[in-house]
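Tertiary structure, described
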Amino acid sequence: MPAAATSRVRELSRGGRRKNDQIDAAAAAIVAYLQGEGRDLAPEDHTTALALLDERRVNLAQARVRTVNQLHALLRDLLPGGAPTQLSADLAAKLLRSVRPAGDIETVRKDIAWDLVAEIRKLDKQLTDNAARMQSLVEASSSTLMDTPGIGPVMAARLIGRTGRAHRFSTSAAFANYAGAAPVEIASADKARHRLSRSGDRQLNSVLHTSTVVQIRMPKSPGHAYYQRKLSEGKTPKEAKRCLKRPWPTTCGAS
């Protein structure tokens, strides 16, 4: 809820200028009701499970990046010329086998590097299991998202998990605004232009952007045909891409 709207409700209530979590919650509920945006509380379902798996995947991916960076720093000191930037556990293990420590310091470096290789392998296994579980839940939800070119199980899980129940969005414009895919109009006098929105759910926006770019690059996909049609209507490439990024939320299969 907009902070200005809830602030006005507090000002007009009996509480006056008092502010705490309970008063804020009541003010937000009143604003939602007055604006027609209130919705019934529903029990948790597969969307919650997918959101939890997505959050777990983000944490695992960040941990893997940190571990790979630590391993790369150690290999840079152990190997002449350093290690390649695209580093996997198997490649790092192969490089480590060729290292002959010249003293205690290099021996410690090599031992720590082997520990990091083991951690990367464990994280890779967890990421694989996470993706498999996401796929099974997406398929169990009867979603058709994975039929869309450019959307796999991980992206589908993120879309469903971050969108929630589709019926909470009254229109496609409401969903686009929630995802930050709706451009912001800036008008003055007889001139009007649109700029890129920086608000909304940025992770959801990232998934929409990635799937849009993939579809544009696939000549036989429906998204590519839609993009070309918008270009023929006189839209710029950026405007046509924005149109393609605005799906109807029911495609997420979260009814």
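Counting restarts for each chain: residues are numbered from 1 in the order of the written sequence. Selection of residues for local features in this predicted model requires a pLDDT of at least 70, selection of side-chain atom pairs for listing and counting requires 80 or more, and totals for whole chains, interfaces and linings are taken over all residues. Only hydrogens and water are set aside; all other atoms, that is, all heavy atoms of the structure, feed into the side-chain values.

**Looking at the confidence of the model for the protein**
A score between 0 and 100, pLDDT records how confident the predictor is in each residue. Taken over all residues, the pLDDT of the protein has a mean of 84, while the share at 70 or more is 91%. To qualify as a helix, a DSSP run of H or I must reach at least 4 residues; to qualify as a strand, a run of E must reach at least 2; elements of each kind are numbered from the N terminus. The element-level mean pLDDT for the protein is lowest in strand 2 (residues 191-195), coming to 73, with helix 5 (residues 104-140) highest at 96. Contacts are residue-level and defined by heavy atoms, with any inter-residue pair within 4.5 Å sufficient. Contacts of residues 249-255 to residues separated by more than four positions or lying in other chains number 27 contacts, the stretch itself having pLDDT below 50.

**Remarks on the side chain of Lys 245**
Take Lys 245: it is sitting in the segment after helix 10 (237-244). Burial status follows relative accessibility: with a 1.4 Å probe on protein chains alone, a residue under 20% of its type maximum counts as buried, one over 50% as exposed, and anything between as partly exposed. Neither His nor the chain ends contribute to the count of charged residues, in which Lys and Arg are positive and Asp and Glu negative. For this document, the term salt bridge refers to a Lys or Arg side-chain nitrogen within 4 Å of an Asp or Glu carboxyl oxygen. Asp 201 provides the closest opposite charge to the buried, salt-bridge-free Lys 245, at an N-O distance of 11 Å. Residue contacts for Lys 245: discarding those within four places in its chain leaves Ala 181, Asn 205, Leu 208, His 209 and Thr 212.

**Focus on the pattern of salt bridges**
Applying the stated criterion across every chain yields a total of 8 salt bridges. As a salt-bridge pair, Arg 162 and Asp 54 come within 3.9 Å of each other at their nearest N and O atoms. Of the two residues, Arg 162 sits in helix 6 (residues 153-163) while Asp 54 sits in helix 3 (residues 46-78), which places them 108 residues apart along the sequence. Of the charged contacts, one joins Arg 121 and Asp 90 as a salt bridge, the two residues approaching to 3.2 Å between their closest N and O atoms. With Arg 121 in helix 5 and Asp 90 in helix 4 (residues 89-97), this pair connects stretches of sequence that are 31 residues apart. Beyond isolated ion pairs, a larger network of salt bridges with shared partners links Asp 54, Arg 158, Arg 162 and Asp 201.

**Considering unusual backbone geometry**
At Ser 142, a residue that is not glycine, the phi angle is positive and equals roughly 65 degrees. Structurally, Ser 142 can be placed in the loop between helix 5 and helix 6. A relative accessible area of 61% means that Ser 142 is categorised as exposed.

**Here we look at the packing of helix 6 against helix 8 (residues 202-216)**
Any two packed helices are characterised by the angle at which their axes cross and by the distance between the axes. Between helix 6 and helix 8, whose axes approach to 10 Å, the crossing angle comes to 140 degrees. Here helix 8 runs oblique to helix 6, going by the angle between their axes. Crossing handedness for the pair helix 6 and helix 8: left-handed. Seen from helix 6, the contacting residues are Met 155, Arg 158, Leu 159, Arg 162 and Thr 163; seen from helix 8, they are Gln 203, Leu 204, Val 207, Leu 208, Thr 210 and Ser 211. Residues are grouped as follows: Ala, Val, Leu, Ile, Met, Phe, Trp, Tyr, Cys and Pro are nonpolar; Asp, Glu, Lys and Arg are charged; all remaining types, including Gly, are polar. Among the residues forming the contact of helix 6 with helix 8, the class breakdown is 5 nonpolar, 4 polar and 2 charged. Throughout, an axis means a line fitted to C-alpha atoms (over the contacting stretch in the case of helices), and angles, computed between N-to-C directions, take values from 0 to 180 degrees. Any angle between 65 and 115 degrees counts as roughly perpendicular, while under 35 counts as roughly parallel, over 145 as roughly antiparallel, and the rest as oblique. Throughout, a crossing is termed right-handed when the near helix is turned clockwise from the far one, and left-handed when it is turned anticlockwise from it by less than a right angle.

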